[in-house]
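Take a look at the letters that make up each chain.
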Amino acid sequence: MKYVGTVILRILTAVFCLLFSVVLLCKEHQWSSVHRKAPYTSSVAEEKKAEFGEEESMERAALAPRGSCFAGIQKPISRTVGSNCLSPKIPQIGVPSKVSKRGSCRLVEKSATTRQRKTSDLSCLALAELPLGLPDCLDADNSSLCKLQALVSEFESLVEPLDRVKRLLHYASFLASMSDLDRVSSNRVMGCTAQVWLSARMDAGGRMRFSADSDSEITRGFCACLVHILDGAFPEEVLRMKTENLGSLNIGLPGSTNSRANTWHNVLISMQKKTKAILMAREGKPLTEPFPSLVVNADGIHAKGSYAEAQAKFLSPDESKVNELVSVLSAKKIGIVAHFYMDPEVQGVLTAAQKQWPHIHISDSLVMADSAVKMAKSGCEFITVLGVDFMSENVRAILDQAGFEKVGVYRMSDERIGCSLADAAADPAYMHFLEEASTLPPSLHVVYINTALQTKAHSHEIVPTITCTSSNVVQTILQAFSQIPDLNVWYGPDTYMGANIVELLHQMASMTDEEIAQIHPKHDKNSVHALLHRLHYYKEGACIVHDLFGTEVVERIKEGYCDAFLTAHFEVPGEMFSLAMEAKRRGMGVVGSTKNILDFITERVKEALHRNVDDHLQFVLGTESGMVTSIVAAVRKLLASQKSSANINVEIVFPVSSDSVSRTESLPSSNGLSAGDLTSLSVVPGVAAGEGCSLHGGCASCPYMKMNSLTSLLRVCHLLPDKESILSPYVASRFDGHTPTGKSVADLGCEPILHMRHFQANGQLPETLVNHILSRR
C-alpha cells in the first residue's frame, strides 16, 4: 500500500505540473500577442511621425525579442525618445500608474515645444499596482527613471549571468556605430577597460541627444542601454540620474563585475558632464575656469597655467647643481631622506642625483627613518633630513634604536621647522583629550605618525598608544576592535582624518557581511555597528595643506573634472573625501597616503600602456603639490619604457583654490608696503612664484616643507664633518629628557612606532600592547 500511495502521489504531481505549464504558455502567448502589436496608438504614432519623420518612424516599428526593453526600437537607438517598453514585471514610460479598466491604460507625454501633457489610449495588459518608490510614469519628467526601472526589472528576471550577457550583446546590435569624426580623444570616456566614445548635443526642443560607441561588444551593450534611457531626455532628467540608480543593473562576467559596473557609472558621469557644458553654453554662462595642470607624454612636459609653470620650472634641473650635490655626497658618505612635499627645485635635483648616488630616498614620513637605517648599514656617516622637525626627530630616534648613535642627523634650517598637525598634538587640549581616554578603559590611543616624538612619549604614558599612517589607520583600528573586546579607540590629532574614518565605518555598516570581510576578515555588520560609538577622534587639529580642499575646490571638481581620476589624501576635509570615495567605488579614485596616490597613478598608466591605444589620463591631485615631482618622474620612466607607438598623455591637475594662489601683478613695491597693505591681501605670498596660503586657511603647498632649500642642503653637506660646531643649530634633536614618571622620552616615544611595525609585519597588535591596555581596566 505504501508503494501504491507513492505512485499515486507522483502521478498527481506530474498532472499538476503539466496543467501549470499550460497556464504559463497561455499567459506567455497573451503577452507575446500584445508585444507584437504596434507600440503606439495611431494618435501617438502621428505625433512621432511629425517629430521624427516618416522614414524614421517606420524604422522604429520592428520589434526586439519578447520581453526586451528595446521592443519597438531599431537602429539607430541613439535618436529614440520616450520608448514604450513594457516589461513583464514592472512597466516603463508610457505605462500607467493605475489601470482604469482591464486591457486599457493611458500613455502620457510632454510635447518638446509646448511642454503640455498629452494623453492617448494604449492597449496593454492589465497591470498590477506599481512597486513602492517607482516614479510616476505619467510624468514625462520621470521618463528616464521609468525606463531605467523597466530595464532593471528585465535584467533581474534573467537569473543566469550568461543570459544577462547574451541580452546585453543583443542590445549592442541596436547601437549605431559612430563615425571616425566622432571617435576622437575629446569624446573618450575615462575609466573604462575598453575604449568608449560619447558625443552629446541638444536638439531644437531642448532635449539631450547622445550617441556612443566602443571597441568592445559588451561595452557597446552597456552604452546602448544608457543611450536608450537618456537619449531624448531633458537636461534636468540627465542630471537627476544618480550612479547608485544603476546599482541593480548587475551584469557582469565572473571576475570582472567591478569593471563592468564601472562602465555604467563612468559613461553616465560623462553624459552629465557634457550636458552641463551644453547647458552653460546655451545660457551664455562661462565655463568653469580650469585648474592649472601638467601634461606628461613621450615628447616631454607641457604646463597649463602659471601655477603649473612654477611647478614645472625645476623638473629639468640645473646639471651643475646635480653634479655638485653628487660630488659632495659621495665624497663625504652622506645620505639624504626627503619627504614627497619638498620644493620642486629640491626634488628636481634630488631625482636627477639619484641616478648617480644610490643613498637618496624620497618618500612619505614612515619610510624616511627606515631608509636612513639602510643608508647607515651601507656605510653612510651622515644623514640629512629634508622634512619638518618631527621627521628628523624620528630618524634620530630610530637610528639610535638600531645601534647607529654615531651617525650624524641634520636638519635643513637653523630655525624651527614646524607642522600644524604636530603642533595640534602638542597643545594642552590634546592632553585633555587623552586624559578623558584614560578614564574609559580599556582604551587605545591611535596617534598619527606626523607628530613629535615627545608627544608620542607623553601620550603613551597616559594611554597605551600605537602610531599609524594614512595608509594603515583603518586596518589598525579594525584590528584593535577585533582583538580586544569592548575597546575604546581614541584617534588624533588630525580632525579631518578622524571624521573620514568615522564616515568610512558608517559606510561599512551598510555593506554586506561578505563586503565587510574583504576589508577585514574578523568583522561583519554586527561588529561594525557595535564599534561605532566606541570610536572617538580629536576635533581641533588639521593640516594647513589639506585644509585647502574644501567646498570651493570640491564644487569646481564636480563641475569640470567629474569624469577624471580623483586622488585624495586621507587628511582632506569631508567634502573632498566623499567625492574621492564615490570615485573610488567606480574605479576612478583613491583615498590614502602619498604612496597610495603615487601607486594608483602609476598603475593606471601601466594599464593604458598595456592597452596600446592612444589615451589621455587626467588625474586630480588631492594633496600637496610637491608630490608632482615624484609622479612626473615615475610617469616619464613608464612612458620611456613603452614599446608601442600609442600616444599616451598623462595630465596632473592641481586643484588650487583661487584664494590660495599668490597674486603678484598688482602688489605695491616692497618699499611702500605697509601694515594696512598686508591686511588687505587675500593671500600670504608663497616662497615660490605662484604659491601661497589663504588667510582663511589652506595652502597650495606646505610653507614649512619649503624651508628645506637647495642652498641650505648644499651648505650643510659642504660643512660636514662639522668639526667647529658651525652646524649645531641644524643637528636633529636627541631627546635626553624624561617623562613625569622618569621614563626616557626617546625610548618611550619609540614604543608606539615599534608597536605599529609589529602590526604591519604580523597583522596583529603586539601582545605587550594588548596586555598594557588590559592592565588599565
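Residues numbered from 1 in each chain as written. Predicted model: local features only at pLDDT ≥ 70, side-chain atom pairs only at ≥ 80, totals over all residues. Heavy atoms only, no water.

### Quick word on unusual backbone geometry
Here is step 1: Residue P442 is reached from P441 by a cis peptide bond, and omega for that bond is -5°.
Here is step 2: Between G492 and P493 the backbone carries a cis peptide bond, its omega angle lying at 0°.
Here is step 3: The residue P493 is located in the loop between β13 (488-492) and α18 (495-509) in this model.
Here is step 4: A positive phi angle, near 60°, is found at D486, a position not held by glycine. (Helix = DSSP H or I, 4+ residues; strand = E, 2+ residues; numbered from the N terminus.)

### Topic: the pairing of strand β4 (residues 208-214)
Here is step 1: Counting buried positions along β4 yields 7 of 7 residues, so the element is predominantly enclosed.
Here is step 2: As paired strands, strand β3 (residues 196-202) and β4 are joined by 7 bridges and run antiparallel to one another. Of the residues in β4, the one forming a bridge with S199 is S211.
Here is step 3: Counting the residues that bridge the hairpin from β3 to β4 gives 5 residues, and of these G206 lies at a positive phi of roughly 85°. (Buried < 20%, exposed > 50% of the residue type's maximum accessible area, 1.4 Å probe, protein only. Pairing = 2+ DSSP bridges.)

### Regarding the sheet that holds strand β6 (residues 300-304)
Here is step 1: One open sheet holds the 6 strands; their spatial order is β6-β5-β18-β17-β15-β16, and the pairing between them is mixed. On the outer flanks of this sheet lie β6 and β16 (589-592), each paired with one strand and no other. On average, each strand axis in the sheet is tilted by 15° relative to the strand beside it, whichever way the strands run.
Here is step 2: As paired strands, strand β5 (residues 293-297) and β6 are joined by 5 bridges and run antiparallel to one another. Across the sheet, V296 pairs through a bridge with I301, a residue of β6.
Here is step 3: Its contacts with the sheet put helix α23 (residues 594-611) on β15 (565-569), β16, β17 (615-622) and β18 (648-653), and the angle it makes with β17 is roughly 175°. (Axes fitted to C-alpha atoms, helices over the stretch in contact; angles between N-to-C directions. Contact = heavy atoms within 4.5 Å.)

### Considering the sheet that holds strand β9 (residues 382-386)
Here is step 1: Read from one edge of the open sheet, 4 strands run β8-β7-β9-β10, paired in parallel fashion. At either end of the open sheet lies a strand with only one pairing partner, and these are β8 (360-363) and β10 (408-410). Neighbour-to-neighbour, the strand axes of the sheet open up by a mean angle of 15°, direction not taken into account.
Here is step 2: Its contacts with the sheet put helix α11 (residues 344-353) on β7 (334-339), β8 and β9, and the angle it makes with β8 is roughly 130°.

### Overview of the pattern of salt bridges
Here is step 1: By the definition in use, this model includes 21 salt bridges.
Here is step 2: The partner of D400 in a salt bridge is R396, and the shortest N-O contact between them spans 2.9 Å. With D400 and R396 both in helix α13 (residues 389-401) and 4 residues apart, the pair spans about one turn of that helix. Both residues of the pair, D400 and R396, belong to the buried class.
Here is step 3: A cluster of three or more residues bridged by salt bridges with shared partners is formed by R183, D213, E217 and R220. (Salt bridge = Lys/Arg side-chain N within 4 Å of Asp/Glu carboxyl O.)

### Regarding the confidence of the model for the protein
Here is step 1: The predicted model of the protein has a mean per-residue pLDDT of 78, with 74% of residues at 70 or higher.
Here is step 2: In the model, residues 252-257 has pLDDT below 50 throughout and makes 7 contacts with residues more than four positions away in sequence or in other chains. (pLDDT = per-residue confidence, 0-100.)

### Quick word on helix α15 (residues 428-438)
In an α-helix, one turn spans 3.6 residues; hence positions three or four apart end up facing the same way.
Here is step 1: When we look at burial in α15, the residues that qualify are Y430, M431, F433, L434 and A437. Projected down its long axis, α15 shows its buried positions confined to an angular sector of 150°, all on one face. For α15, exposure combined with an orientation more than 90 degrees from the buried face picks out P428 and H432.
Here is step 2: Buried residues along α15 sit in contact with α14 (420-425), β11 (443-448), α16 (453-462), β13 and β14 (535-537).
Here is step 3: A distance of 2.8 Å separates the backbone nitrogen of A429 from a side-chain oxygen at the start of α15, and that oxygen is part of D427. (Arc of directions from axis to C-beta. Polar contact = N/O pair within 3.5 Å; in protein donor to acceptor, adjacent residues only side chain to side chain.)

### Observations concerning the pairing of β16
Here is step 1: Going residue by residue along β16, you find G589 and V591 tucked away on one face and V590 and G592 tucked away on the opposite face as well.
Here is step 2: Pairing of β15 with β16 involves 4 bridges; the strand directions are parallel. Looking at the pairing, A568 lines up with V591 of β16.
Here is step 3: Handedness of the β-α-β unit built from β15, helix α22 (residues 574-585) and β16 comes out right-handed. (Right-handed = clockwise from strand over helix to strand, strands pointing away.)

### Remarks on the side chain of S459
Here is step 1: Inspection of the secondary structure puts S459 in helix α16.
Here is step 2: Owing to a relative accessible area of 0%, S459 belongs among the buried residues under this scheme.
Here is step 3: Beyond its immediate chain neighbours, meaning those up to four positions away, S459 contacts Y430, M431, L434, H445 and T465.

### Structural notes on the side chain of D563
Here is step 1: Within the secondary structure layout, D563 lies in the loop between α21 (551-560) and β15.
Here is step 2: A polar contact of 2.9 Å, which involves the side chain of D563, links it to the side chain of K273.
Here is step 3: Among all residues touching D563, those that are not within four sequence positions of it are M190, I269, S270, K273 and M588.

### Structural notes on the packing of helix α5 (residues 161-172) against helix α6 (residues 217-230)
Here is step 1: It is at 7 Å that the axes of α5 and α6 come closest, and there the two elements cross at 75°. The angle between α5 and α6 places the two elements in the roughly perpendicular class. Of the residues in α6, those touching α5 at V165, L168, L169, Y171 and A172 are E217, I218, R220, G221, F222, A224 and C225.
Here is step 2: Taken together, the residues of the contact of α5 with α6 break down into 9 nonpolar, 1 polar and 2 charged. (Parallel < 35°, antiparallel > 145°, perpendicular 65-115°, else oblique. Nonpolar A, V, L, I, M, F, W, Y, C, P; charged D, E, K, R; others polar.)

### Quick look at the packing of aromatic side chains
Ring pairs (aromatic) are described by centroid distance and by the angle formed between their planes.
Here is step 1: Tallied over the full model, the rule gives 11 aromatic pairs.
Here is step 2: Taking 5.4 Å as the distance between ring centres and 25° as the angle between the ring planes, the aromatic pair formed by F291 and Y561 counts as stacked. Here F291, found in the loop between α8 (257-282) and β5, pairs with Y561, found in the loop between α21 and β15; they are 270 residues apart in sequence, far enough to count as distant.
Here is step 3: A relative accessible area of 4% places F291 in the buried class.
Here is step 4: On the basis of relative accessibility, which here comes to 9%, the residue Y561 falls in the buried class.
Here is step 5: On the numbers, 4.8 Å between centres and 85° between planes, the contact of Y430 with Y538 is edge-to-face. (Phe/Tyr/Trp six-rings, centres within 6.5 Å; stacked < 30°, edge-to-face > 60°.)

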